[in-house]
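Next come the chains, spelled out residue by residue.
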Amino acid sequence: MSKLEIKDLQVSVSTDDGPKEILKGVTLTIQDGETHAIMGPNGSGKSTLAYSIAGHPKYTVTGGTVTLDGEDVLAMSVDERARAGLFLAMQYPVEVPGVSVSNFLRTAKTALDGEAPKLRTWVKDVNTALQQLNLDPTFGTRSVNEGFSGGEKKRHEIAQLELLNPKVAILDETDSGLDIDALKVVSEGVNRFRAQEGKGVLLITHYTRILRYIEPDFVHVFVDGKVAESGGAELAEELEAKGYEKYLTAAV
Amino acid sequence: MTVTDTARESVASGLEMPRTESHLNPPGSYDLADHPLPNGREEIWRFTPLKRLRGILDGEASDAGLTWTTTLPEGVTLTEITAEQALELGELAPNDRPSALAAANAGGALLLDVPADAEIGEPIELRLHGESVDDLVWSRLLIRVGRHARATVAIVHTGSARYSALTSVLVGDGAVANVLSLQDWDDDAVHLGRDAIRVGRDATVKHTSISFGGDVVRMHANVEYAGPGGDAELLGLYFADQGQHLEHRLFADHTAPKTKSHVLYKGALQGQGAHTVWIGNVLIRKVAEGIETYEENRNLVLSDGCQADSVPNLEIETGEIEGAGHASATARFDDEQLFYLRSRGVSEKEARRLVVHGFFNDLIRRVGIPSIEDQLLETVEAELAKNVLKDFD
Ligand SMILES: Nc1ncnc2c1ncn2[C@@H]1O[C@H](COP(=O)(O)OP(=O)(O)OP(=O)(O)O)[C@@H](O)[C@H]1O
Ligand SMILES: [Mg+2]
């Protein structure tokens, strides 16, 4: 089971001029096994939605609910959300100097499972995951994201997705900055994850090209902190052809 | 990069010393008249809590000592020498009052001698233990690493004392020396130490100063060069708890061409009144063409109520430099790093531990003494348990 239910979510950030409302009532349900794509112009609040679900301290939820399989996500701490089965592949993965990728992955896996992974199979799993994302084994000894190229950071996020194997994955512009080969490699990773029973995916993107590899069940147009329209995969093609103009004028 | 104006003005005044002086690091002297009792406003004393030095600067005579437990691999000797012999061997003169007092009051010196061409594989260990802060201890030590010799020396301080030590490290031409001083004192100790290193022609030196314990610890690490081609790496790690004052003063005096100095000090602070001071200074003299220097200090503030002072200086008298620069930064826990780790399921406590270990890791890996590296990781862990992690159980 993995049902992520977002209801009327309102989120603000604090600014020098007081709180600024960014999400203005987002409602979205990802049923068991579904893949949803979110597309929308810059600054419309897509990353805010992703971060708010993951519990980033910068964002304050002022209204609405988020539940995962009926459990109140908003009441959980950041790490509890991860342990409940949420995973966020970040638009800008963070560098953690001095912490090796292999130490990081093992610590995360141990935290998620409540016990340390079996050493022999784990080392193999890590090497396989890195290899499948075209990251050579030396990445295991490098500091987390430090000095990684943009594309390497994104592939490292998907390697984590596969190793940590959550219930629901939120991918925030994992496709941007990837060349065509990397895009394929990343999409294959996401598809391996999706092929498992009941996994949910919320994929945030600006481009339809990734949707040719990862076919969504639903597409949502996100404008000014809200879902402006929802539809099937064909909606993405329409957006590609016509842009967001009609929603933007409507929003004003 | 800052070029200090005063450095340009402080040209030798045509007396006996044709050498330029550093405004921050005046030339050494055994004469106590050159090191008057400070009032706390002096440039070199303004960060130090004089009242907490428990009268060391008064310079009372004392024959109390620390207990020395030594590991001397074959070929290495530790002997008593006279003050005259210390001078003949080329001891580096004291540069502040406590070190001048140590020279005056220690009554002779100890010489740790690694003969020329000796390759000493295992570390030479000097474990120094003090019984009580009531003991006033003056110490004077010379470490000589002969030409083309190779040796690692670890000096570990534990227990408590009021301790003032003058240490000279004389590194022969082509030698490779690794010297570490670990301050792992009890809470009440006061330690004023001056380590000065003379780097021989084409010699390579690493010096590491690590301060965890003690009420007040103030350490100098100075380096100068006897000839071209010398390479000095000065490392430091400190972890200040509630009320502790840990001060590290660095001076790389580029007295010869084609020499290198690389300084990296990292510190963490936690608890009310934790205070750290890092003063870096590099003097590039006129003769010192083609040198390379970089000094860096990073501090990680782990709780409220701490103060980290960090002042890098650079005094330049030649334009012919290969490279010179410095960096200094003081930061709190990075929320983004903690969020990233926690978003993978890692608890806040574990995430903090990872970040702090990560902060120190590169430095600890560079120490080059495996037994000490393991001990350092454990000590960092123990320090974390005191404050940063204790609220998360
Ligand atoms: N601290 C802040 N102060 C003021 N505005 C902020 C702050 N943080 C975020 N915002 C604003 O919130 C809005 C939404 O940002 P968000 O990153 O969610 O957009 P996005 O849809 O992900 O955009 P992109 O497509 O460029 O990634 C933006 O207008 C942004 O400027
Ligand atoms: Mg975004």
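Reading guide: rules and limits
Along each chain, the written sequence defines residue order, and numbers are assigned to residues from 1. Here chains are named by letter from A upward and ligands by number from 1 upward, in the order in which they appear as written. Note on the predicted model: pLDDT of at least 70 is required for a residue's local features to be given, and 80 or more for side-chain atom pairs to be given and counted; whole-chain, interface and lining totals, by contrast, use all residues. As a convention, hydrogens and water are excluded, and side-chain values are obtained from all of the structure's heavy atoms. One heavy atom within 4 Å of a molecule or strand makes the whole residue count as near it. Here a polar contact is recorded for every N or O atom pair within 3.5 Å, except that within protein the pair must consist of a potential hydrogen donor and a potential acceptor, and residues adjacent in sequence are included only if both atoms are side-chain atoms. Here the open area of atoms and residues is found with the Shrake-Rupley method and a 1.4 Å probe, where only the protein chains shown may cover a residue. A helix here means a DSSP run of H or I that spans at least four residues, while a strand means a run of E at least two residues long, and both kinds are numbered starting from the N terminus. Gly is placed with the polar residues, together with every amino acid not listed as nonpolar (Ala, Val, Leu, Ile, Met, Phe, Trp, Tyr, Cys and Pro) or charged (Asp, Glu, Lys and Arg). Ring geometry is summarised as follows: Phe, Tyr and Trp rings, the Trp one being its six-membered ring, pair when their centres sit within 6.5 Å, and such pairs are stacked at plane angles under 30 degrees, edge-to-face over 60 and tilted between the two. Think of it in three bands: with a 1.4 Å probe and only protein chains considered, a residue is buried below 20% of the maximum accessible area for its type, exposed above 50%, and partly exposed in between. Should the NZ of a Lys or the CZ of an Arg lie within 6 Å of a ring centre and within 35 degrees of the ring normal, that charge is described as sitting over the ring. Only strands joined by at least two bridges in the DSSP assignment are considered to pair. Helix axes use the C-alpha atoms of the stretch in contact, all axes being lines fitted to C-alpha atoms, and the angles between their N-to-C directions lie in the range 0 to 180 degrees. In this description, contact between two residues means that some pair of their heavy atoms is separated by no more than 4.5 Å. Should an angle fall under 35 degrees it is called roughly parallel, over 145 degrees roughly antiparallel, and 65 to 115 degrees roughly perpendicular, with every other angle called oblique. Take the far helix as the reference: if the near one is turned anticlockwise from it by less than a right angle, the crossing is left-handed, and if turned clockwise, right-handed. By buried area we mean how much accessible surface two parts lose on assembly, using a 1.4 Å probe and totalling the loss over both. Salt bridge, as used here: a side-chain nitrogen of Lys or Arg that lies within 4 Å of a carboxyl oxygen of Asp or Glu. Metal-coordinating donors are taken as N, O and S atoms lying within 2.8 Å of the metal, or within 3.2 Å when the metal is Na, K or Ca; because water is left out, some sites can appear incomplete. Any helix carries an expected span of 1.5 Å times its number of residues minus one. When we speak of the arc, we mean the arc of directions from the helix axis to the C-beta atoms.

Engineer: Break down the site of ligand 1 for me, citing the residues and quoting the values.
Structural biologist: All names here are of chain A. Gly 43, Lys 46, Ser 47, Thr 48 and His 206 are the nearest of the 16 residues found near ligand 1. A distance of 2.9 Å separates an oxygen atom of ligand 1 from a polar atom in the backbone of Gly 43. When isolated, ligand 1 has an accessible area of 650 Å², and the protein chains bury 69% of it. Counting only elements with at least two residues in the shell around ligand 1, the list comes to β1 (4-15), β2 (18-30) and α1 (46-54). Among the elements that take part in the shell around ligand 1, α1 stands out by supplying 3 residues, more than any other. Split by residue class, the shell around ligand 1 holds 3 nonpolar, 9 polar and 4 charged.

Engineer: Tell me about the packing of aromatic side chains, and name the residues and values.
Structural biologist: Within a pair of aromatic rings, the relevant descriptors are the distance that separates the centres and the angle that separates the planes. Under the counting rule described, the total for this entry stands at 7 aromatic pairs over all chains. Considering the side-chain rings of Tyr 51 of chain A and Tyr 59 of chain A, the 5.8 Å spacing of their centres and the 15 degrees angle between planes classify their relative orientation as stacked. Like Tyr 59 of chain A, Tyr 51 of chain A is buried. Taking NZ or CZ as reference, Arg 142 of chain A lies 4.7 Å from the ring centre of Phe 139 of chain A, over its face. A cation sits over an aromatic face here: Arg 218 of chain B above Trp 45 of chain B, 3.6 Å from the ring centre.

Engineer: Account for the side chain of Thr 107 of chain A, naming residues and giving values.
Structural biologist: All names here are of chain A. Residue placement: Thr 107 occurs in helix α3 (residues 101-113). The class of Thr 107 is buried, set by a relative accessible area of 12%. Among the polar contacts listed, one links the side chain of Thr 107 to the backbone oxygen of Asn 103, at a separation of 2.6 Å.

Engineer: Which residues make up the sheet that holds β1 of chain A, and what are the values?
Structural biologist: All names here are of chain A. Here 4 strands make up an open sheet; going across it, the order is β2-β1-β4-β5 and the pairing antiparallel. Strand pairing shows two members of the sheet lacking a second neighbour, β2 and β5 (71-72), which therefore form its edges. As paired strands, strand β4 (residues 59-68) and β5 are joined by 2 bridges and run antiparallel to one another. Each bridged residue has a counterpart across the sheet, and for Thr 67 the counterpart in β5 is Asp 72.

Engineer: Give me the sheet that holds strand β6 (residues 86-89) of chain A: which residues, what numbers.
Structural biologist: Residue and element names in this part refer to chain A. Taking strand neighbours across the sheet as the criterion, the 6 strands line up as β6-β9-β10-β3-β11-β12 in an open arrangement whose pairing is mixed. The open sheet has two free edges, formed respectively by β6 and β12 (226-231), since each of these has just one partner strand. Taking the axes of each pair of neighbouring strands and ignoring which way they run, one obtains an average angle of 20 degrees across the sheet. Here helix α6 (residues 180-194) sits on the sheet in contact with β3 (35-39), β9 (168-172) and β10 (200-205), set at roughly 155 degrees to β10.

Engineer: Got a sec to walk through the packing of helix α5 (residues 348-366) of chain B against helix α6 (residues 370-386) of chain B? Specific residues and values, please.
Structural biologist: All names here are of chain B. Viewed as axis vectors pointing N to C, α5 and α6 meet at an angle of 155 degrees, and their least axial separation amounts to 11 Å. As judged from the angle between their axes, α5 and α6 are roughly antiparallel. Along this stretch, α5 crosses α6, giving a crossing that reads as right-handed. Seen from α5, the contacting residues are Arg 353, Val 356, His 357, Phe 360, Asn 361, Ile 364 and Arg 365; seen from α6, they are Glu 373, Leu 376, Leu 377, Val 380, Glu 381 and Leu 384.

Engineer: Talk me through the pairing of strand β4 (residues 124-145) of chain B; I want residue IDs and the actual numbers.
Structural biologist: Residues and elements named next belong to chain B. Where strand β1 (residues 67-71) and β4 come together, 5 bridges link them in antiparallel fashion. The residue bridging Thr 70 from the neighbouring strand is Leu 126, located in β4. Relative to β4, strand β3 (residues 109-114) is paired through 5 bridges, and the arrangement is parallel. The residue of β4 that forms the bridge with Val 114 is Val 145. Summarising the sheet, β4 and strand β5 (residues 150-171) pair through 18 bridges and their orientation is parallel. Paired with Leu 126 across the bridge in β5 is Ile 155.

Engineer: Run through the interface of chain B and chain A, naming residues and quoting values.
Structural biologist: How big an interface is tends to be stated in terms of the accessible area lost upon association of its parts. Each partner contributes to the interface: chain B provides 18 residues, whereas chain A provides 34 residues. With both sides pooled, the region where chain B packs onto chain A buries about 2,000 Å², and carbon together with sulfur makes up 66% of that total. The largest contributions to the chain B side of the interface with chain A come from Phe 339, Tyr 340 and Arg 344 of chain B, which together make up 41% of the buried area. Taken together, chain B and chain A are joined by 2 salt bridges. Arg 344 of chain B serves as the salt-bridge partner of Glu 157 of chain A, at 2.7 Å between the closest nitrogen and oxygen. Listed by contribution, the elements that provide at least two residues to the side of chain B that touches chain A are α4 (335-342) and α5 of chain B. Of the residues forming the side of chain B that touches chain A, the biggest block, 7 residues, is contributed by α5 of chain B. Here the side of chain B that touches chain A is built from residues that sort into 7 nonpolar, 6 polar and 5 charged.

Engineer: Can you tell me about the pairing of β1 of chain A, naming the residues and giving the values?
Structural biologist: All names here are of chain A. With 10 bridges connecting them, β1 and β2 associate as antiparallel partners. Bridge assignment links Gln 10 to a residue of β2, and that residue is Lys 24. Taking the residues between adjacent antiparallel strands as the criterion, β1 and β2 are bridged by 2 residues. As paired strands, β1 and β4 are joined by 8 bridges and run antiparallel to one another. Residue pairing for β4: Leu 4 is matched across the bridge by Leu 68.

Engineer: Can you tell me about the coordination of the magnesium ion (ligand 2), naming the residues and giving the values?
Structural biologist: All names here are of chain A. Coordination of the magnesium ion (ligand 2) by the protein involves Ser 47 (OG) and Gln 91 (OE1), with metal-donor separations of 2.0 to 2.3 Å. Taken together, the residues span a long stretch of sequence, with Ser 47 in helix α1 and Gln 91 in the loop between β6 and β7 (96-100) at a distance of 44 residues. Per residue, the accessibility class of Ser 47 equals that of Gln 91, and both read buried.

Engineer: Tell me about helix α4 (residues 119-132) of chain A, and name the residues and values.
Structural biologist: All names here are of chain A. Its 14 residues give α4 an end-to-end C-alpha distance of 20 Å, which sits within 8% of 20 Å, the value for a rise of 1.5 Å per residue. Among all positions in α4, only Trp 122, Val 126, Ala 129 and Leu 130 are buried. One side of α4 holds all its buried residues, which, seen down the axis, span an arc of 95 degrees. Turned more than 90 degrees away from the buried face of α4, the exposed residues are Arg 120, Lys 124 and Gln 131. Looking at the buried positions of α4, the neighbouring elements they touch are α3 and α5 (150-164). Positive phi shows up at Asn 134, right after α4, with a value of about 60 degrees.

Engineer: Give a detailed account of the pattern of salt bridges, specifying residues and quantitative values.
Structural biologist: Where charged atoms from two side chains of opposite charge come close, those side chains can pair. All names here are of chain B. This structure, assessed with the given rule, holds 35 salt bridges over all chains. Salt-bridge contacts for Arg 140 lead to Glu 91; the nearest nitrogen and oxygen are separated by 2.6 Å. Linking Arg 140 in strand β4 with Glu 91 in the loop between α2 (83-89) and α3 (97-105), this pair joins segments that are 49 residues apart in sequence. Taking the relative accessible area as the measure of exposure, Glu 91 reaches 7% and is therefore buried. Notably, a salt bridge pairs Glu 348 with Arg 352, separated by 3.1 Å at the nearest N-O pair. With a gap of 4 residues between them, Glu 348 and Arg 352 both fall in helix α5, about one helical turn apart. A residue is classified by how much of its surface remains accessible, and Arg 352, at 16% relative accessible area, is buried.

Spatial relationships are all this shows, so hold off on functional conclusions.
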